[in-house]
Amino acid sequence: MKNSMLENDMRIISQLSENQKVTFMKLFARLAAANGVVDDCERDFIDDMANRYGIPAARIGEIWQKEDDKQLMKEAAGIDNRKAALMLIKEMCILAHADDELSDEEVLFIGQTGEAMGVAPAKVEEISNWVIERIIWQEKGRLIFEEV
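Residues numbered from 1 in each chain as written. Predicted model: local features only at pLDDT ≥ 70, side-chain atom pairs only at ≥ 80, totals over all residues. Heavy atoms only, no water.

(A) Spotlight on helix 7 (residues 104-116). In this model helix 7 runs 18 Å from its N-terminal to its C-terminal C-alpha over 13 residues, within 8% of the 18 Å that 1.5 Å per residue would give. Turning to helix 7, its buried residues are Glu106, Phe109, Ile110, Thr113 and Gly114. Here the buried residues of helix 7 occupy an arc of 135° about the axis, which is enough to place them on one side. Those residues of helix 7 that are exposed and angled more than 90 degrees off the buried face are Asp104, Leu108 and Glu115. The secondary structure elements touched by the buried residues of helix 7 are helix 2 (18-32), helix 5 (69-76), helix 6 (82-97) and helix 8 (121-144). Where helix 7 ends, the next residue or the one after it, Gly118, has phi of about 85°, a positive value. (Helix = DSSP H or I, 4+ residues; strand = E, 2+ residues; numbered from the N terminus. Expected span 1.5 Å × (residues − 1). Buried < 20%, exposed > 50% of the residue type's maximum accessible area, 1.4 Å probe, protein only. Arc of directions from axis to C-beta. Contact = heavy atoms within 4.5 Å.)

(B) Representation of the packing of helix 2 against helix 3 (residues 40-52). Packing of helix 2 against helix 3 brings their axes to within 11 Å, and their N-to-C directions diverge by 170°. By the angle between their directions, the pair helix 2 and helix 3 is classed as roughly antiparallel. The residues of helix 3 that touch helix 2, namely those facing Met25, Phe28, Ala29 and Ala32, are Glu42, Phe45, Ile46, Met49 and Ala50. Of the residues belonging to the contact of helix 2 with helix 3, the class tally is 8 nonpolar, no polar and 1 charged. (Axes fitted to C-alpha atoms, helices over the stretch in contact; angles between N-to-C directions. Parallel < 35°, antiparallel > 145°, perpendicular 65-115°, else oblique. Nonpolar A, V, L, I, M, F, W, Y, C, P; charged D, E, K, R; others polar.)

(C) Seen up close, the nonpolar core. With 39 residues, the main nonpolar core has Phe24, Met25, Leu27, Ile46, Ile63, Ile110 and Met117 as its most contacted residues. Looking at this core, the elements with two or more residues in it are helix 1 (2-14), helix 2, helix 3, helix 4 (57-63), helix 5, helix 6, helix 7 and helix 8. Considering each element in turn, this core owes the most residues, 9 residues, to helix 6. Excluding residues within four positions of it along the chain, Met117 makes contact with Ala76, Ile79, Ala85, Leu88 and Ile89. (Core = buried A, V, L, I, M, F, W, Y, C linked by side-chain atoms within 4.5 Å.)

(D) Representation of the pattern of salt bridges. Applying the stated criterion across every chain, the model contains 11 salt bridges. Notably, a salt bridge pairs Arg30 with Asp69, separated by 3.0 Å at the nearest N-O pair. Linking Arg30 in helix 2 with Asp69 in helix 5, this pair joins segments that are 39 residues apart in sequence. Connected through salt bridges with shared partners, the residues Asp9, Lys90 and Glu91 form a single ionic network. (Salt bridge = Lys/Arg side-chain N within 4 Å of Asp/Glu carboxyl O.)

Structure below.
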């Protein structure tokens, strides 16, 4: 099942233009930096994702350039593929919950990104709740199968 989700995600991303892919990754990188620090692991992960999504090496640096959030939201509005927008919100929610600390800044940024792409706040909340339930389900599985 996980492979089919990953394959579906890759198919959706492959339908985006190069500029949309770069924007996708810029938004993801901005969220990773919400706590003020991007560690090497996060940077390597995002750079690897960008490579897998087919972003040319010459454009990887753009992902990490500081931009004002208003400009990022203008760029986010250019992601007009609904499935890609929903997937981006899902991935942002997963990233935001990865450290077990969901900050107000992360919530606000995810909400603004959703709004810029035409995703209603109720849908963003629904995706966030699904991600939380998924995390709980995975943790429960680790306990049940004694993978602690």
